[in-house]
Structure formats: C-alpha cells, structure tokens
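Coordinate analysis (summary)
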Amino acid sequence: GAVVSQHPSRVICKSGTSVKIECRSLDFQATTMFWYRQFPKQSLMLMATSNEGSKATYEQGVEKDKFLINHASLTLSTLTVTSAHPEDSSFYICSASRVDLATEAFFGQGTRLTVV
Amino acid sequence: AQSVTQPDIHITVSEGASLELRCNYSYGATPYLFWYVQSPGQGLQLLLKYFSGDTLVQGIKGFEAEFKRSQSSFNLRKPSVHWSDAAEYFCAVGGLTGGGNKLTFGTGTQLKVEL
C-alpha cells in the first residue's frame, strides 16, 4: 500500500502563533513530498517541494520564512506556519511519492487551518 | 511550464444522465495525467490516472477518461451519474521532479446532480 497520513486534520489557532502540520508516509519511503494550499472554492496550488535532507524548494510568491518546511526523514515532512494570520486560513494538503514509483502521487487527507 | 484548463466551472446533470468533464493540458513531454474528486471539506480521492499505454483509462466508481494527444485533452466521462457523484472534480498534470511527481491542478469543476 501507499498511505499518507496528515496531522492534525483540523486546527484553530490564535493570530500570531505558529502551527505545525505533519505529513507522514506510513508504509513507504518518500524522498520527496509536496505541500499544496487550497483557499475556499479554489484549486490546489503548489507551495513547495520538500526534499529529504535538504532545503525545500518554494514556488514563486510563497514566503519561505513564513512557511517553514522540514523533511528530516524519509517518512516525515513538516510544514510550520509561523506567526499565523487570518489570511493564512486555508486547507493544506501534502503528497508523497514512493522512491520506487515516483510517478504516483499519494495525498494525505489534508489539514484545515483556521486562524482567529 | 505545465498548465491545466478545466473550462467548465459548474455542471449540472440529472441522475442517470451521462457526464463529460473537460480537461485540456499543456506539457512539454508525455504527460502524467490525473483526475481527482473532492467532497466538501475532504481530501482528494484519485479517480484514475494516465501514464502511458492504452489511451482509454478506467477508474473507480465507473469513471473513465480518454487521453487525446492531438487535442491535448483528458476528458472524464461516466455513462450514468449517481447523486453521490456530486462533488468537485480536479484534473491535474504531473511533472517528475527529484523523487516525486509535482502536480499542477486545474481550477476544478463543481458537479451538481439533480434527482
């Protein structure tokens, strides 16, 4: 199988605080994971590519100091939204590919972030 | 750069009627194409994918899609829609980067099913 687990599924935080979202590949190793963001009634937009053991690659317009990505192992990538503001409220979802099957993209269930 | 166009933002069909959701892509090489479905507040469920081979791809829930290189299209079809098919549908094109497939999504098509 190829299961990707994302935690938490929902989080509410106060403006100015930081929130960490985890993306785990449960039964496979993933050298690369991707983080997407979806605003209400919009499509999914790639935020960054997370590479195990190296710095993440951010898409144009995504603030790397605000959205910290750490990919410390072959099964875990984390996205930390720092100093969150209401405009950061969104649906964040990750995907991962197996090392031996890079063409497949397995998605987590997503995290609904609400900043109040 | 890769891109995906879903020209229909909203589509309404009657239950039991046939369905076709359009998707056009732009990609420099042989594309990896996907269709996902998303219910409100939920994550993405993969319906089907095309990497190579037979251009008519069968997926889950009775969906199929046909890859037409000459038209740069990957339209999703279902012969008879069920009320439970009401959801948002996303077409995506993938590009391999590093050890993974980076997806570019279309804007989505919201499907409403009338009983």
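Here the residue numbering is sequential within each chain, running from 1 through the sequence in written order. Here chains are named by letter from A upward and ligands by number from 1 upward, in the order in which they appear as written. Residues qualify for local features only when their pLDDT is at least 70, as the model is predicted, and side-chain atom pairs are given and counted only at 80 or more; totals for whole chains, interfaces and linings, by contrast, use all residues. Hydrogen atoms and water are omitted, and side-chain values are computed over all heavy atoms in the structure.

1. Structural notes on the pattern of salt bridges
Here a salt bridge means any side-chain nitrogen of Lys or Arg lying within 4 Å of a carboxyl oxygen belonging to Asp or Glu. As enumerated under the stated definition, the model contains eight salt bridges over all chains in all. Salt-bridge contacts for Lys-49 of chain B lead to Glu-104 of chain A; the nearest nitrogen and oxygen are separated by 3.2 Å. Of this pair, Lys-49 of chain B sits in strand β6 (residues 45-50) while Glu-104 of chain A sits in strand β10 (residues 101-107), which puts the two residues in different chains. Relative accessibility thresholds used throughout: buried, under 20% of the residue-type maximum; exposed, over 50%; partly exposed, between the two (1.4 Å probe, protein chains only). Residue classification places Glu-104 of chain A among the buried residues on the basis of a relative accessible area of 10%. One continuous salt-bridge network, built from bridges that share partners, spans Glu-64, Glu-66 and Arg-77 of chain B. Numbering of helices and strands runs from the N terminus, with a helix taken as a DSSP run of H or I at least four residues long and a strand as a DSSP run of E at least two residues long.

2. A look at the sheet that holds strand β1 (residues 4-7) of chain A
All names here are of chain A. Strand order in this open sheet of four strands is β1-β3-β8-β7, and the pairing throughout is antiparallel. Whereas interior strands pair on both sides, the edge strands pair on one side only; in this sheet they are β1 and β7 (67-73). Shown here is a sheet whose adjacent strand axes are inclined to one another by a mean of 15°, direction ignored. Pairing between strands is defined by DSSP: at least two bridges between the two strands are required. Note on geometry: axes are lines fitted to C-alpha atoms, helical ones only across the stretch in contact, with angles between N-to-C directions running from 0 to 180 degrees.

3. Regarding the layout of surface pockets
Taken as a whole, the largest pocket spans an internal volume of roughly 450 Å³. In this analysis a 1.4 Å probe is tested at points of a 1 Å grid over the protein atoms alone, and where it fits but cannot get out there is a cavity; an open set with protein on both sides within 12 Å along at least five of seven lines is a pocket; lining residues have an atom within 4 Å of a point. What lines the largest pocket is a set of 20 residues, and nearest its centre among them are Gln-38, Lys-41 and Gln-42 of chain A together with Glu-88 and Gln-110 of chain B. Three classes are used: nonpolar for Ala, Val, Leu, Ile, Met, Phe, Trp, Tyr, Cys and Pro, charged for Asp, Glu, Lys and Arg, and polar for all others, with Gly counted as polar. For the lining of the largest pocket, the residue count by class is six nonpolar, 11 polar and three charged. Taken as a whole, the second largest pocket encloses approximately 210 Å³ of empty space. Forming the boundary of the second largest pocket are Leu-44, Met-45, Leu-46 and Glu-59 of chain A together with Ala-1, Gln-2, Lys-102, Leu-103, Thr-104 and Phe-105 of chain B. Of all the elements in the fold, those that place two or more residues in the lining of the second largest pocket are β5 (44-51) of chain A together with β11 (100-105) of chain B. When residues of the lining of the second largest pocket are assigned to their parent elements, the largest contribution, four residues, is made by β11 of chain B. For the lining of the second largest pocket, the per-class residue count stands at six nonpolar, two polar and two charged. Grid points are joined across faces, edges and corners, and a volume is the space filled by probe spheres set on the points.

4. Focus: the packing of aromatic side chains
Given two aromatic rings, one states the distance between the centres and the angle between the planes to describe the pair. Note on ring pairs: Phe, Tyr and Trp rings are taken, using the six-membered ring of Trp, and paired if centres are within 6.5 Å. Classes follow the plane angle, with under 30 degrees stacked, over 60 edge-to-face and the rest tilted. Taken as a whole and judged by the stated rule, the model has 15 aromatic pairs over all chains. Each ring, one from Tyr-36 of chain A and one from Phe-107 of chain A, has its centre 5.7 Å from the other, and the planes form 45°; the classification is tilted. Of the two residues, Tyr-36 of chain A sits in strand β4 (residues 32-38) while Phe-107 of chain A sits in strand β10, which places them 71 residues apart along the sequence. Note on Tyr-36 of chain A: relative accessible area 0%, which makes it buried. Residue Phe-107 of chain A is classed as buried on the basis of its relative accessible area, which comes to 12%. Clustering of aromatic rings is evident, with ring pairs tying together Tyr-36 and Phe-107 of chain A together with Tyr-32, Phe-34, Tyr-36, Phe-51, Phe-90 and Phe-105 of chain B.

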